[in-house]
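Structural overview
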Amino acid sequence: MAVVCPECDSPIDLDTDVDEGETVQCEECGVELEVVSVDPIELAPIEEAGYDDEELAHPLTEDDE
Ligand SMILES: [Zn+2]
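Notes on the structure follow. Values in this document were obtained by computation on a predicted structure and should not be read as measured data. (Residues numbered from 1 in each chain as written. Predicted model: local features only at pLDDT ≥ 70, side-chain atom pairs only at ≥ 80, totals over all residues.)

A few words now on the overall build of the protein. Per the secondary structure count, the protein includes zero helices and five strands. Tracing the protein from N to C terminus, the helices and strands come up as β-β-β-β-β. Put simply, the protein has 65 residues, and 6% of those count as buried. Restricting to contacts in the protein with at least 6 residues of sequence separation, those with at least 24 account for 25%. (Helix = DSSP H or I, 4+ residues; strand = E, 2+ residues; numbered from the N terminus. Buried ≥ 20, exposed ≤ 12 C-beta atoms within 10 Å, placed from the backbone. Contact = placed C-beta atoms within 7 Å.)

Dropping the structure here:
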């Protein structure tokens, strides 16, 4: 699944089973993006300010217990 970074217009490869609410990081500009919609796929940049130490430390490695 390919989408375009809203910040730098670079293509980003997403897993086909990406879920709404997941976060991905653009390899080009490094911005963190939240998947706000999956059909159609839509990404929104995450504002770092205001986030504390929540579960955002590992946006690309989400382990299912
Ligand atoms: Zn980017």
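From this point, the discussion proceeds with the structure in view.
This paragraph deals with unusual backbone geometry. A cis amide bond links Asp39 with the next residue in sequence, Pro40, at an omega value of 5°. By the secondary structure assignment, Pro40 is in the loop between β4 (32-38) and β5 (41-45). Unusually for a residue other than glycine, Asp9 sits at a positive phi of about 65°. As for its position among the elements, Asp9 is in the loop between β1 (2-4) and β2 (11-13). Assessed through the 10 C-beta atoms surrounding it within 10 Å, Asp9 is described here as exposed.

Next up on the list: the sheet that holds β4. Pairing is antiparallel in the open sheet, where three strands are placed in the order β3-β4-β5. The two strands at the open ends of the sheet, each matched to only one other strand, are β3 (23-25) and β5. Each strand axis lies, on average, 40° off the axis of its neighbour in the sheet, ignoring direction. Examined bridge by bridge, β4 and β5 share five bridges and lie antiparallel to one another. Among the inter-strand pairings, Val35 is bridged to a residue of β5, identified as Leu43. (Pairing = 2+ DSSP bridges. Axes fitted to C-alpha atoms, helices over the stretch in contact; angles between N-to-C directions.)

Quick look at the environment of Asp39 now. If you trace the backbone, Asp39 turns up in the loop between β4 and β5. Distance in space between the C-alpha atoms of Asp39 and Glu20 is 9.5 Å, their sequence separation being 19 residues.

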